[in-house]
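# Per-entry structural report
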There are 2 protein chains.
Amino acid sequence: MLRLSKLTDYAVVVLVRLSQSAEVQTSPGIAAATGIPEPTVAKVLKTLAARGFVASQRGAHGGYRLARPLAGIAIAEVIGAIDGPIALTACVDGANAGCDVLQVCPVRGRWDPVNAAIREALAAISLEDMQLASVSRPFHIVSLARPAASTSPVPVVE
Amino acid sequence: MLRLSKLTDYAVVVLVRLSQSAEVQTSPGIAAATGIPEPTVAKVLKTLAARGFVASQRGAHGGYRLARPLAGIAIAEVIGAIDGPIALTACVDGANAGCDVLQVCPVRGRWDPVNAAIREALAAISLEDMQLASVSRPFHIVSLARPAASTSPVPVVE
DNA sequence: CCAATCAGGACTGCTTAAGTCCTGTTAGCG
DNA sequence: CGCTAACAGGACTTAAGCAGTCCTGATTGG
């Protein structure tokens, strides 16, 4: 499915949430605001803090705040921080030892341009872009992969 | 990791292999040539046949052959056929009912431009492109995600 | 008629991510 | 000075998805 991990999705949600206030916010507070389970929020925030996306304040009345503006954070960075390097197959990134079909694989290493293309596409979109899209447009998911199956009525929030 | 399923990787290998001969090729033969386990090759081929990428000939002396030229097959198509639609998160493609944080999620549906960007990138690369790259360039995997950690000595094939 | 081959599905084991919990450290406040 | 609120960091458990295998049936050439 070319699936992204949920943690990365959560990270984006949390970062956008943090951007909505200059004050420090606690992980329980963010959990309540986003609906994401508190331990999971804490886990994501710790990772984000370790990677320098957010700054933490320990002790009573502590919490987290953004360390960098949303506009300066590319999706690719968040994915790289949470999910690891962007690489579609295990063949790349030097871990070739585990590939049994290496000797005869006709496309080995050829995913590189594909990976590069995806990386570029993800580097060109910042979190602010996603947030702006959220404001300017309502919620429509048609014209994507599937021809708008629309199984369930989607509640549009303006 | 933004990982692609192995089956998709296999599908690409198998398709490229099929392109190297106009004759029908049996799944055991392809398995032997590619190093991929035979049942897995058969599984991939069945899917590819169902999606119209390859044509099958049943009975004795049967086998598979390409139904379309490599140049006309985009990576995105193969991924879509094997892995399902290209969508990074479960929020898209109409399956919104399962998202618990839907009501408060500030970026819901905002992955759409990201998905679209990736889809475009993958639609622009054909299997022939990957094959050509394989011919024109040797095997070097550096200058990718990681700064060439080179934990294990990678055998460079010139 | 027999053997080779594809078609299609069901089933199982494994890998990996998601989620939870525990312990330690830091900082404000009474 | 002690208590409490909050982050830091890791270990652990569970669950889901996928890879891989196998079985039965249908088709076709010799």
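To be clear, the structure that these remarks concern was listed above.
First things first, this report covers the structure right here in the doc. (Residues numbered from 1 in each chain as written. Chains lettered and ligands numbered in written order. Predicted model: local features only at pLDDT ≥ 70, side-chain atom pairs only at ≥ 80, totals over all residues. Heavy atoms only, no water.)

## Examining the protein's contact with DNA strand C
Inspection of the region around DNA strand C gives 26 residues, with Lys6, Leu7 and Lys43 of chain A together with Ser56 and Tyr64 of chain B positioned closest. The sugar-phosphate share of atoms of DNA strand C within 4 Å of the protein amounts to 65%. Within the backbone of Lys6 of chain A, an N or O atom sits 2.5 Å from a phosphate oxygen of DNA strand C. The side chain of Tyr64 of chain B places a nitrogen or oxygen atom 2.6 Å from a phosphate oxygen of DNA strand C. (Near = heavy atom within 4 Å. Polar contact = N/O pair within 3.5 Å; in protein donor to acceptor, adjacent residues only side chain to side chain.)

## Quick word on the side chain of Thr8 of chain B
Residues and elements named next belong to chain B. Checked against the element boundaries, Thr8 lands in helix H1 (residues 6–19). Of the residues examined, Thr8 reaches a relative accessible area of 0% and is grouped as buried. Look past the residues within four positions of Thr8 in its chain and what remains in contact with it is Val78, Ile79, Ile82 and Asp83. (Helix = DSSP H or I, 4+ residues; strand = E, 2+ residues; numbered from the N terminus. Buried < 20%, exposed > 50% of the residue type's maximum accessible area, 1.4 Å probe, protein only. Contact = heavy atoms within 4.5 Å.)

## Observations regarding the pattern of salt bridges
For the structure on display, the rule yields two salt bridges over all chains. Between Glu77 of chain B and Arg68 of chain B there is a salt bridge, and its shortest N-O distance comes to 2.9 Å. (Salt bridge = Lys/Arg side-chain N within 4 Å of Asp/Glu carboxyl O.)

## Regarding the protein's contact with DNA strand D
Neighbouring DNA strand D are 24 residues, the closest being Ser56 and Tyr64 of chain A together with Lys6, Leu7 and Lys43 of chain B. Counting only the atoms of DNA strand D within 4 Å of the protein, the fraction contributed by sugar and phosphate is 66%. A distance of 2.6 Å separates a phosphate oxygen of DNA strand D from a polar atom in the side chain of Tyr64 of chain A. Measuring from a phosphate oxygen of DNA strand D, one finds a backbone N or O atom of Lys6 of chain B at 2.6 Å. Breaking the surface near DNA strand D down by element, the ones donating at least two residues are strand S1 (54–57) and strand S2 (63–66) of chain A together with H1 and helix H3 (38–50) of chain B.

## Regarding the side chain of Ser126 of chain B
All names here are of chain B. Inspection of the secondary structure assignment puts Ser126 in the loop between helix H5 (112–123) and helix H6 (127–136). The exposure class of Ser126 is buried, given its relative accessible area of 9%. When sequence neighbours within four positions are dropped, the list of residues in contact with Ser126 reads Leu70, Ala71, Ile73, Ala74 and Ile75.

## Describing helix H4 (residues 75–83) of chain B
Since the α-helix turns once every 3.6 residues, residues separated by three or four places project in the same direction. Among all positions of H4 of chain B, only Ile75, Ala76, Val78, Ile79, Ala81 and Asp83 of chain B are buried. Of the residues trailing H4 of chain B, Gly84 of chain B is marked for its positive phi of about 95 degrees.

## Re the packing of helix H1 (residues 6–19) of chain A against helix H4 (residues 75–83) of chain A
Residue and element names in this part refer to chain A. With their axes 9 Å apart at the nearest point, H1 and H4 run at an angle of 125 degrees to one another. Taken together, the axes of H1 and H4 lie oblique to each other. Relative to H4, H1 is oriented so that their crossing is right-handed. When H1 is examined against H4, the residues Leu7, Thr8, Ala11, Val12 and Leu15 are found in contact with a partner set consisting of Val78, Ile79, Ile82 and Asp83. Broken down by class, the residue content of the contact of H1 with H4 amounts to seven nonpolar, one polar and one charged. (Axes fitted to C-alpha atoms, helices over the stretch in contact; angles between N-to-C directions. Parallel < 35°, antiparallel > 145°, perpendicular 65-115°, else oblique. Left-handed = near helix turned anticlockwise from the far one by under 90°. Nonpolar A, V, L, I, M, F, W, Y, C, P; charged D, E, K, R; others polar.)

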